[in-house]
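Topology and contacts: notes
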Amino acid sequence: MKRWLVVIGAILIQINLGAVYAWSLFNQPLIEKFGWDREDIVVTFSITIFMLAACAFIAGRIQDKIGPRWVATIGGILLGLGVMLASQATTIYQLYLFYGIVGGAGIGITYVCPLSACVKWFPDKRGLISGVAVAGFGLGGLIYKPIILFLIDNFGVSSAFLYLGIIYFVLVVLGAQLLSNPEAGDELNSHQSDGEALTVVSEQYSPKEMLGTYQFYLLWFMYLFGTMAGLLVISFAVDIGLELVKLDVVTASNAVMVIALFNAGGRIILGKISDNIGRINTLILMYGTTTLIMLYMSFGTMNYLTFLISVSLIGFCFGGFLALFPSVTADFYGTKNIGANYGIMYLAYGISAFVGPIIIKYISFSSAFLLAAIISLIAIILAKVIVTPKMQTVVDFSNEPLEKVN
């Protein structure tokens, strides 16, 4: 029961952290109230995502030493405080500081904690449980959309920040109290609960040791390429519908909700699939799907139906990347330092959040999709040649003889 309480805490935390994806709802109200340029307001979101990725490593290293509960609590306090302070912002730079830097740091400090705890509690279902945990993050924007719109419509954009900050503070700190790492007896019981053969890494890598393996750099670029390809579509879904499919704004906006649902579904379904057919095999399947869809979007002619199918599949695979790489990191480098190790791996996603907008600024959508197809093909090649850093020990709790595998 203890490990399922950890899952409940993880989902509660991730839903509130994922509300950051609803940032676009604040753009127009802030323009109307303060007269700021839209491009300047959007920078707030970029700062938030950068702080998320930058702080994940530091927080991961700390939580590996003192446990996830206190680190997640501190992150929840910072997130709530930053968003509440944003209600007092009267200049764009104050918004950057309060929401982007302070609030983004809170998200980054908290993000790794539930993932790390869940991976340690469920060594038998790493893919599935990572997917469940990060699915909350993917659904956060969708769940909070009506809440944010209600607060803005009834109390104004500044007061909306205040009330949201209070909500984030209470719920994230509450969820943090449910997080814990398994003790030796708990971990053994979690292994034995399903009576299945489990793969257990024989050595636990420190961040320095992980960085000393060539496999880390292959995985890091695979993560970068996968999330970069996904964000090229997800971040510009409405614009793609307007420019390439010639849809009106309302119709094109339907893609946002569809992507959110498939994004969340991909995290759970692909995580579960990876437990059955292997993490690398699942990644190859995802990169292959991404390659085919990107080639179609680059050279094919889309209508409304094929547009929705294309962006849905990209969102599905994108969610899978965010679900699988925490598990891959644990599979390759152990769980003892998973917070710090995945924090470093997660920087690939942070960088990809900036690369997409830069690419679209200089080349057309069709050329960007072709580029995404090429890097997805490269990722398949990397996945084909990668092997685990060292030999693993397979422990079968059904009393079968032990065996070694590469």
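Reading guide: rules and limits
Residues numbered from 1 in each chain as written. Predicted model: local features only at pLDDT ≥ 70, side-chain atom pairs only at ≥ 80, totals over all residues. Heavy atoms only, no water. Helix = DSSP H or I, 4+ residues; strand = E, 2+ residues; numbered from the N terminus. Rg over C-alpha atoms; globule rule 2.2 N^0.38 Å. Buried < 20%, exposed > 50% of the residue type's maximum accessible area, 1.4 Å probe, protein only. Contact = heavy atoms within 4.5 Å. Phe/Tyr/Trp six-rings, centres within 6.5 Å; stacked < 30°, edge-to-face > 60°. Salt bridge = Lys/Arg side-chain N within 4 Å of Asp/Glu carboxyl O. Axes fitted to C-alpha atoms, helices over the stretch in contact; angles between N-to-C directions. Parallel < 35°, antiparallel > 145°, perpendicular 65-115°, else oblique. Left-handed = near helix turned anticlockwise from the far one by under 90°. Nonpolar A, V, L, I, M, F, W, Y, C, P; charged D, E, K, R; others polar. Core = buried A, V, L, I, M, F, W, Y, C linked by side-chain atoms within 4.5 Å. Domains from an automatic or database assignment. Buried area = accessible area lost by both parts, 1.4 Å probe. Polar contact = N/O pair within 3.5 Å; in protein donor to acceptor, adjacent residues only side chain to side chain.

Now for the overall build of the protein. Helix and strand counts for the protein stand at 16 helices and 3 strands. Relative to its length of 406 residues, the protein is compact, with a C-alpha radius of gyration of 21 Å against a globular reference of 22 Å. With the principal axes as the frame, the protein shows a C-alpha extent of 70 × 50 × 35 Å. Taking all 406 residues of the protein together, the buried fraction comes to 55%. For the protein, contacts bridging at least 24 residues in sequence account for 84% of all contacts bridging at least 6.

A word on the packing of aromatic side chains. According to the stated counting rule, one finds 25 aromatic pairs in the structure shown. For the pair W23 and F26, a centre-to-centre distance of 5.2 Å together with 45° between the ring planes defines the contact as tilted. Using a relative accessible area of 2% as the deciding quantity, one classes F26 as buried. Here F365 and F369 contribute two aromatic rings whose centre-to-centre distance is 6.1 Å and whose plane-to-plane angle is 15°, an arrangement assigned as stacked. With a gap of 4 residues between them, F365 and F369 both fall in helix α16 (residues 365-385), about one helical turn apart. For the pair formed by F365 and F369, the shared burial category is buried.

The next thing to look at is the pattern of salt bridges. In total, this model carries 3 salt bridges according to the counting rule given. Across the pair R279 and D275 runs a salt bridge, and its minimum N-O distance is 2.7 Å. For D275, a relative accessible area of 24% translates into the label partly exposed. The residue D331 makes a salt bridge to R279 at a minimum N-O spacing of 2.8 Å. One end of the pair, D331, is in helix α14 (residues 304-333); the other, R279, is in helix α13 (residues 279-299), and 52 residues separate them in sequence.

The next thing to look at is helix α2 (residues 24-34). Listed as buried for α2 are F26, N27, P29 and L30. The secondary structure elements touched by the buried residues of α2 are α3 (38-66), α5 (92-121), α6 (126-155) and α7 (157-176). G35 sits one or two positions beyond α2 and adopts a positive phi of about 75°.

Further remarks concern the packing of α6 against α14. At a minimum axis separation of 8 Å, α6 and α14 run at an interaxial angle of 135°. What the angle tells us is that α6 and α14 run oblique. Judged by the sense of rotation from one axis to the other, the crossing of α6 with α14 is right-handed. Contacts from R126, G127, S130, G131 and V134 of α6 reach α14 at L322, A323, P326, S327, A330 and D331. Counted by class, the contact of α6 with α14 contains 5 nonpolar, 4 polar and 2 charged residues.

Another aspect to go through is the nonpolar core. L95, Y111, F161, L283 and Y346 are the most contacted members of the largest nonpolar core, which has 128 residues in total. Residue-level mapping places this core at the junction of two domains, with at least three residues from each of domain 1 (1-178) and domain 2 (207-385).

Let us now look at the domain arrangement of the protein. For the protein, the assigned domains read domain 1 (1-178) and domain 2 (207-385). Each of domain 1 and domain 2 has a C-alpha centre, and these two points are 21 Å apart. The interface of domain 1 with domain 2 comprises 32 residues on the first partner and 33 residues on the second. Carbon and sulfur atoms supply 71% of the area buried between domain 1 and domain 2, which totals about 2,600 Å² over both sides. Here domain 1 is connected to domain 2 by 0 salt bridges. Between the two partners, domain 1 and domain 2, sit 9 residue pairs in polar contact (both at pLDDT 80 or more). Mapped by element, the contributors of at least two residues to the side of domain 1 that touches domain 2 are α3, α5 and α6. Residue composition of the side of domain 1 that touches domain 2, by class: 19 nonpolar, 8 polar and 5 charged.

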